[in-house]
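Listed here are the chains, written in short residue letters.
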Amino acid sequence: MGKDFKQTLVNLIPPAMIVAVVLFWAFIPEALAKNPATIIVAGLVITAIVLGLEFLFERHAGWRLNKREFLTDTFYVVLGYTAISWVSNTLAEDPLKAVKKSLGITTDWAMHMPFLLQVTLVVFLIEFGQYWMHRLMHNWHPAWLTHAPHHHITQLNAMKGYVGNPIELFLISLSVVALFDLPLTAIFCAANILGVVSTFAHANVRSDPPLFYSFFFTTIRNHSLHHSVPYEDTRCNYANSLILIDRVFGTYREGEADVVGQDERKRLSIWEQFLFPFRPVIDAIKARRNDPPATAG
């Protein structure tokens, strides 16, 4: 009885963290909300909490975090908050804002929505775009080459959502949120909610949230199946956080995997992950160099 009650509490941690995030951004002082560091600190705190839960409530011993995995994951977290964030803002967010301004696009109605509806709108806009981008990456080979490094991870942990080729990390960050007039607090709240869901969906935590959560949000069960070793088994459960979209478009599959990876579970180094999309070109150049020169007849 005591063990079942403890597991029930663990299962409720993801929805409880979402509630905490909403309350935090709903009542945060304005000065703190406008500070760019706040969203970063909040995101890092979420990651740290889920990492701690991996040690307390381990799901699979084979996914236990070691020094190499921790350092690799940390590298990608830093990359995401620095270079990827800068490129995304420079090449996508800022140009979208400029287009919005030049065309005189206004969405005053969005500014007057209740806070929770604003947050819901941002979550949907981000996830809907990510769903189709992610689905494209699994169904068009050139796009798959950018995404495949993320599927070469051989275990799931709290920071694994940050791991991938930089091209993919940029593409998956794209959204149309910049075209809408919305308060920063709603945007940051939505980003943190997605961070909670995505982090748990990649984490080695023995938490299976109840249906009121798992029907709408992606869980480790859904996402581990997406990371299955057979390539065809990865073509499901594309939603990074909002699994409801998979249910609507018929790409949802029930199940769970405890063995993950691609290409006979070959783990890629950071350098190999960076070069992966260019492997066909590199292989073609090597093949040409290795071909013996044609001799005159």
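Our structure is the block above this text.
For the structure given in this document, a descriptive report is provided here. Computed from a prediction, not measured in an experiment: that's the story for all the values here.

1. Side note on the nonpolar core
Grouped together as the largest cluster of nonpolar side chains are 48 residues, with contacts concentrated most on Ile18, Trp25 and Phe200. Those elements that place two or more of their residues in this core are helix H2 (13-27), helix H4 (36-56), helix H7 (115-137) and helix H10 (184-202). Of all the elements, H10 adds the most residues to this core, at 9 residues. Ignoring any residue separated from it by four or fewer positions in sequence, one finds Trp25 in contact with Ala33, Thr38, Ile39, Ala42, Phe115, Thr185, Phe188, Cys189 and Asn192. In terms of nonpolar packing, the next biggest core, distinct from the first, is built from 10 residues, Trp63, Tyr76, Ile84 and Val163 among them.

2. Overview of the layout of surface pockets
A water-sized probe, rolled over the atoms, reveals where empty space remains. What the largest pocket holds in volume is close to 1700 Å³. The wall of the largest pocket is formed by 49 residues, among which Ser85, Ile126, Gln130, Ser173 and Ala191 lie closest to the centre. Within the residue set of the lining of the largest pocket, elements represented by two or more residues are H4, helix H5 (67-103), H7, helix H8 (141-151), helix H9 (166-171) and H10. Class assignment for the residues of the lining of the largest pocket results in 21 nonpolar, 21 polar and 7 charged. Looking at the second largest pocket, its volume works out to about 350 Å³.

3. As for the environment of Phe276
Positionally, Phe276 belongs in the loop between helix H14 (270-275) and helix H15 (279-290). For Phe276, a relative accessible area of 6% corresponds to the buried category. Sequence spacing of Phe276 and Leu9 is 267 residues, and the spatial spacing of their C-alpha atoms is 41 Å. Those residues within four positions of Phe276 in sequence are excluded, and the remaining contacts are Leu145, Ala148, Pro149, His152 and Leu268.

4. Section: H7
Spacing of three or four residues puts side chains on the same side of an α-helix, whose turn is 3.6 residues. Here H7 contains 23 residues, and its C-alpha end-to-end distance of 33 Å stays within 8% of the 33 Å for a straight helix at 1.5 Å per residue. Within H7, burial applies to Gln118, Val119, Leu121, Val122, Val123, Leu125, Ile126, Glu127, Gln130, Tyr131, His134 and Met137. Next to the buried residues of H7 lie helix H6 (108-111), H8, H9, H10, helix H12 (220-226) and helix H13 (244-249).

What counts, and where the lines are drawn
Residues numbered from 1 in each chain as written. Predicted model: local features only at pLDDT ≥ 70, side-chain atom pairs only at ≥ 80, totals over all residues. Heavy atoms only, no water. Core = buried A, V, L, I, M, F, W, Y, C linked by side-chain atoms within 4.5 Å. Buried < 20%, exposed > 50% of the residue type's maximum accessible area, 1.4 Å probe, protein only. Helix = DSSP H or I, 4+ residues; strand = E, 2+ residues; numbered from the N terminus. Contact = heavy atoms within 4.5 Å. 1 Å grid on protein atoms, 1.4 Å probe; cavity = no way out; pocket = protein on both sides within 12 Å on 5 of 7 lines; lining within 4 Å. Points joined across faces, edges and corners; volume = space filled by probe spheres on them. Nonpolar A, V, L, I, M, F, W, Y, C, P; charged D, E, K, R; others polar. Expected span 1.5 Å × (residues − 1).

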